[in-house]
Amino acid sequence: MTTAPLNFIRGRRTRSDRPEGQPAQPRQPKPEWLKVRAPGSANYHRLKGLMRGLGLHTVCEEANCPNIGECWHHGTATFMILGGTCTRACGYCNVTHGTPLAPDADEPVKVASAIHALQLDYVVVTSVDRDDLPDFGAAQFARTISETRARTPRCRLEVLIPDFQGDESALRAVLDARPDVLNHNIETVPRLYRLARPGGRYPRALEVLRRSRAIAPDIPTKSGLMVGLGEQWDEIVATLQDLRDAGVAIVTIGQYLRPSAANLPMERYYTPAEFAELKRIGLEMGFGHVESGPLVRSSYHAHEQTQAYEEQK
């Protein structure tokens with residue numbers, strides 16, 4: 001008997017979209033509204049060179065974000081701290097998973113220096129999951145905020161945090177550093193959590209958002225949801241209501257796009273009209289701002305999202 005070799009992509013075994021022996025189905029053609037220009041502007045290359053020179057990671061690159069060309073052309077990026085290796089293996093995510101290296105003690109200064117060099121007005125800082133660390137990486141977030149404030153006081157900071165395994169002291173450490181926005185993505189509906197986020201828990205994600213509002217009610221909370229993994233419409237609406245009940249002020253809704261053959265297959269494309277309807281529903285629920293569209297990602301136009309929310313207050 002022969003055994004087919006196992007293929008791994010970025011720490012994951014490749015997934016099969018079909019039962020054994022069944023021929024491959026043709027890939028769904030990407031609709032026009034999802035086609036973007038390949039990155040290549042001078043500003044894109046300048047920003048990429050700066051990141052490489054400082055040894056920094058960005059979620060823009062690690063997650064294969066379709067908006068990288070637009071965002072980097074305009075000099076904005078989402079910094080990913082605590083290294084490029086995640087301790088979890090979410091089915092939708094393209095970030096490498098495995099055993100991470102020890103955190104770089106100089107990383108907060110490097111990120112703050114890059115923000116200062118780029119003269120950015122609004123920055124998103126996120127991270128891989130670091131379940132191997134006693135504080136799950138919370139102190140690195142806090143130091144990155146304080147180092148940035150010291151160099152670029154006018155820069156507004158949004159943090160996109162992991163769930164810290166529900167640890168309240170870790171969450172408090174980040175909030176005590178006073179970010180302008182606290183973001184934690186719910187990502188998908190409860191039924192798909194075991195498939196998409198085996199290391200996460202839906203109730204725990206909601207509790208992070210709810211607890212953040214209780215600890216620091218003046219810091220708005222934000223969350224994001226991706227569609228296209230096989231969820232039903234009523235499940236999306238119910239998840240939006242859960243987020244609103246948890247006090248979330250800003251929500252983003254975007255299309256899931258399969259990063260590689262090692263990730264979960266995409267079930268279907270949602271149309272711009274469907275995204276517009278989800279925005280209408282979200283605003284009707286009482287969210288301060290809803291960013292909903294095929295190419296929307298949690299950090300896409302983050303500055304505009306926060307500004308729009310503040311104008312609605």
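Provided above is the structure to which this section pertains.
This section reports on the structure supplied with the text.

Reading guide: rules and limits
- Residues numbered from 1 in each chain as written.
- Predicted model: local features only at pLDDT ≥ 70, side-chain atom pairs only at ≥ 80, totals over all residues.
- Heavy atoms only, no water.
- Helix = DSSP H or I, 4+ residues; strand = E, 2+ residues; numbered from the N terminus.
- Buried < 20%, exposed > 50% of the residue type's maximum accessible area, 1.4 Å probe, protein only.
- Contact = heavy atoms within 4.5 Å.
- Salt bridge = Lys/Arg side-chain N within 4 Å of Asp/Glu carboxyl O.
- Core = buried A, V, L, I, M, F, W, Y, C linked by side-chain atoms within 4.5 Å.
- Arc of directions from axis to C-beta.
- Axes fitted to C-alpha atoms, helices over the stretch in contact; angles between N-to-C directions.
- Left-handed = near helix turned anticlockwise from the far one by under 90°.
- Nonpolar A, V, L, I, M, F, W, Y, C, P; charged D, E, K, R; others polar.
- Pairing = 2+ DSSP bridges.
- Right-handed = clockwise from strand over helix to strand, strands pointing away.

## Some remarks on the overall build of the protein chain
Part 1 of the reasoning: What the protein chain contains, in helices and strands, is 11 helices and 10 strands.
Part 2 of the reasoning: A buried classification covers 49% of the 313 residues belonging to the protein chain.
Part 3 of the reasoning: Partitioning the intrachain contacts of the protein chain with sequence separation of at least 6 by distance along the chain shows that 75% fall at a separation of at least 24.

## Topic: the pattern of salt bridges
Part 1 of the reasoning: Overall, the coordinates contain 22 salt bridges when judged by the stated rule.
Part 2 of the reasoning: A salt bridge links Lys110 to Asp104, with the nearest nitrogen and oxygen atoms 2.8 Å apart.
Part 3 of the reasoning: The exposure class assigned to Lys110 is partly exposed, which follows from its relative accessible area of 28%.
Part 4 of the reasoning: Glu284 serves as the salt-bridge partner of Arg280, at 3.2 Å between the closest nitrogen and oxygen. Pair noted here: Arg280 and Glu284 are both in helix α10 (residues 272-285), with a separation of 4 residues, about one helical turn.
Part 5 of the reasoning: Residue Arg280 is classed as partly exposed on the basis of its relative accessible area of 41%.
Part 6 of the reasoning: Each of Arg88, Asp129, Asp131, Asp163 and Arg204 takes part in salt bridges that share partners, so that together they form one network.

## What to know about the nonpolar core
Part 1 of the reasoning: Core analysis: the largest hydrophobic core is formed by 32 residues, its most contacted members being Val123, Phe141, Ile161, Phe164 and Val174.
Part 2 of the reasoning: Looking at this core, the elements with two or more residues in it are β4 (78-81), α4 (107-118), β5 (122-127), α5 (138-151), β6 (156-160) and α6 (168-176).
Part 3 of the reasoning: Once residues within four sequence positions are removed from consideration, Phe164 is found in contact with Asp135, Phe136, Ala138, Phe141, Ala170, Leu171 and Val174.

## With respect to the environment of His184
Part 1 of the reasoning: One can find His184 in the loop between β7 (181-183) and α7 (193-196).
Part 2 of the reasoning: Residues His184 and Val159 lie 25 residues apart in sequence; the distance between their C-alpha atoms is 8.3 Å.

## Focus on α6
Part 1 of the reasoning: Taken residue by residue, α6 has Ala170, Leu171, Val174 and Leu175 as its buried positions. Seen along its axis, α6 keeps its buried residues to an arc of 135 degrees; they face one direction. Turned more than 90 degrees from where α6 packs its buried face, Ser169 and Asp176 sit exposed.
Part 2 of the reasoning: Buried residues in α6 make contact with α5, β6, β7 and α8 (202-215).
Part 3 of the reasoning: Positioned one or two residues after α6, Arg178 has a phi angle of 65 degrees, which is positive.

## What to know about the packing of helix α9 (residues 233-245) against α10
Part 1 of the reasoning: With their axes 10 Å apart at the nearest point, α9 and α10 run at an angle of 35 degrees to one another. Our pair here, α9 against α10, has a crossing hand that is right-handed. Touching Trp233, Ile236, Val237, Leu240, Gln241 and Arg244 of α9 are Glu274, Glu277, Leu278, Ile281 and Met285, all from α10.
Part 2 of the reasoning: Its residues assigned to classes, the contact of α9 with α10 shows 7 nonpolar, 1 polar and 3 charged.

## Digging into the environment of Ala139
Part 1 of the reasoning: When you line up the elements, Ala139 lands in helix α5.
Part 2 of the reasoning: Judged by relative accessible area, which is 41%, Ala139 ranks as partly exposed.
Part 3 of the reasoning: The spatial distance from the C-alpha of Ala139 to the C-alpha of Ala173 is 6.7 Å, given a sequence separation of 34 residues.

## Quick look at the pairing of β5
Part 1 of the reasoning: Within β5, 6 of the 6 residues are buried, which leaves it mostly tucked inside the rest of the structure.
Part 2 of the reasoning: Taking every second residue as pointing to the same face, both faces of β5 are buried, with Tyr122, Val124 and Thr126 on one and Val123, Val125 and Ser127 on the other.
Part 3 of the reasoning: Summarising the sheet, β4 and β5 pair through 4 bridges and their orientation is parallel. In the sheet register, Ile81 faces β5, and the bridge partner there is Ser127.
Part 4 of the reasoning: Taking the sense of rotation as the criterion, the β-α-β connection linking β4, α4 and β5 turns out right-handed.
Part 5 of the reasoning: Bridge analysis of β5 against β6 gives 5 bridges, and the strand direction is parallel. What sits directly across from Thr126, in β6, is Leu160.
Part 6 of the reasoning: What joins β5 to β6 is α5, and the crossover it makes is right-handed.

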